[in-house]
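# Structure assessment
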Amino acid sequence: SSMSNMIKLKKLNKNNILPGKYKLESGCSNNKLINHLRSGNGRLDAVVQFHNVQTTEQLAGKITAELLMDSIEVLNWLRSNENRVRYGFNENTFLSMFIPNSYFVDVDIKVEELMKRMGKEYKQFWTDGRKLKAKACGLSPSEVVTLASIVYWETKVKEDMPIVAGVYMNRLRVGMPLQADPTLVYALKKMGRGQVKRVLNVDKKIDHPYNTYQNKGLPPGPILVPPAAYVDAVLNYTKHGYYYFVAKEDFSGKSYFSKSYRQHLIYAKRYQKALNKLRVYR
């Protein structure tokens, strides 16, 4: 058809069509229609996505990427303590209100409306079933998200997610420090020390609320916005006797799990050797 020829001619594909809901006038030529789709003119709604967001600044930037709204406006809203309290959060836990997904909203949505929508999505996510599971874990929804954010940093292997979550649940239960390197990486970054790839023993002595080597229990809030699958991995954590885990030396992303510190050290040495070979010292 003339339309498919026109699409080929204009090189229209999934990479250059802006997603959304469009308003089309009747009597619109094929040519005009394709230009319309390519430029996003007439687009009535936009998609809001935020994945792997670590800070409020990043969140504001990601949220407004497709909107007419300015990221500074969102940032100011997120930084207002009054807003945090109104939604039932504080400075550290506020990130846990944002559940990563693709949300379709009006391209010219106002900041208050957008946040109302996010609050509604949060409430819908935290069903009675999920709330009951959180209660069974002895954690609040925000604490579940905090733990999920640590598990996200520690593993990207689906079958290991609930096992890693179980290790941390075991530690919390016996009052053992979580000793989670990602929280230390986060603390160092917050202190302006940059992004480190390898945590050193000297780092473990820093005085910071996110240092889970020095402080028992969970850190004050999530270290990033974790995908929903990780929240569910924490809620459905595996009950086992492991207190330690370390990445396998083949860098497959999989982990070795240990019940005793002695066994853990054997595995940890293998991984450290592999890192040294790659010369990852910092």
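Whatever comes next refers back to the structure up there.
Report follows, based on the coordinates. (Residues numbered from 1 in each chain as written. Predicted model: local features only at pLDDT ≥ 70, side-chain atom pairs only at ≥ 80, totals over all residues. Heavy atoms only, no water.)

### A closer look at the side chain of His264
For clarity, the threshold we go by: The helix count covers DSSP runs of H or I at least four residues long, the strand count covers runs of E at least two residues long, and both are numbered beginning at the N terminus. For the exposure calls, accessible area comes from a 1.4 Å probe over protein chains only, and a residue counts as buried if that area is under 20% of its type's maximum, exposed if over 50%, partly exposed in between.
Relative to the helices and strands, His264 is located in helix H12 (residues 261-277). In this structure His264 comes out as buried when scored by relative accessible area, which is 12%.

### Points about the packing of aromatic side chains
The criterion, for reference: Pairing of aromatic side chains requires ring centres within 6.5 Å, counting the rings of Phe and Tyr and the six-membered ring of Trp. Pairs whose planes differ by under 30 degrees are stacked, by over 60 edge-to-face, and all others tilted. Whether a charge lies above a ring is judged from NZ of Lys or CZ of Arg, which has to be within 6 Å of the ring centre and within 35 degrees of the ring normal.
All chains considered together, the criterion is met by 16 aromatic pairs. When the centroid spacing of 5.9 Å and the interplanar angle of 65° are considered together, the rings of Phe94 and Phe98 count as edge-to-face. On the basis of relative accessible area, Phe98 is assigned to the buried category, the value being 2%. Here a set of aromatic residues connected by ring pairs shows up, and it is made of Phe50, Trp77, Tyr87, Phe89, Phe94, Phe98, Tyr103 and Tyr122. Positioned over the ring face of Tyr152 is Lys156, at 4.0 Å from the centre of the ring. Geometry around Tyr237 places Lys239 over its ring, the cationic atom sitting 4.6 Å from the centre.

### A few points about the pattern of salt bridges
Rules: What makes a salt bridge here is a side-chain nitrogen of Lys or Arg within 4 Å of a carboxyl oxygen of Asp or Glu, nothing more.
Under the definition given, this model contains 6 salt bridges. Glu57 is the salt-bridge partner of Arg79, the closest N and O atoms lying 2.6 Å from each other. Note that Arg79 is positioned in helix H4 (residues 71-79) and Glu57 in helix H3 (residues 56-63), a separation of 22 residues in sequence. On the accessibility criterion, Arg79 (44% relative accessible area) is partly exposed. For Glu57, a relative accessible area of 42% corresponds to the partly exposed category. A salt bridge links Arg130 to Asp232; the nearest nitrogen and oxygen atoms lie 2.8 Å apart. Linking Arg130 in helix H7 (residues 128-137) with Asp232 in helix H11 (residues 228-235), this pair joins segments that are 102 residues apart in sequence.

### Description of the pairing of strand E1 (residues 45-49)
Put simply, the rule is: Pairing between two strands requires that DSSP report at least two bridges joining them.
Counting buried positions along E1 gives 4 out of 5 residues, so the element sits mostly inside the fold. Bridge analysis of E1 against strand E2 (residues 102-106) gives 5 bridges, and the strand direction is antiparallel. Opposite Val47, over in E2, you have Phe104 as the bridge partner.

### A short note on the packing of helix H8 (residues 141-154) against helix H9 (residues 161-174)
Defined as follows: For helices, the fitted line uses only the C-alpha atoms of the stretch in contact; every axis is such a line through C-alpha atoms, and the angle between N-to-C directions lies from 0 to 180 degrees. What sets the label is the angle itself: under 35 degrees gives roughly parallel, over 145 gives roughly antiparallel, 65 to 115 gives roughly perpendicular, and the rest give oblique. Left-handed describes a crossing in which the near helix is turned anticlockwise from the far one by less than a right angle; the clockwise case is right-handed. Contacts: residue pairs with any heavy atoms within 4.5 Å of one another.
Their axes nearest at 10 Å, the elements H8 and H9 cross at an angle of 125°. Considering their axes alone, H8 and H9 lie oblique with respect to each other. The handedness of the crossing between H8 and H9 comes out as right-handed. Of H9, the residues touching H8 (which contributes Leu147, Ile150, Val151 and Glu154) are Met161, Val164, Ala165, Tyr168, Met169 and Leu172.

### Here we look at the environment of Asp45
For Asp45, the location among the structural elements is in strand E1. Separated by 63 residues in the primary sequence, Asp45 and Asp108 have C-alpha atoms spaced 8.0 Å apart.

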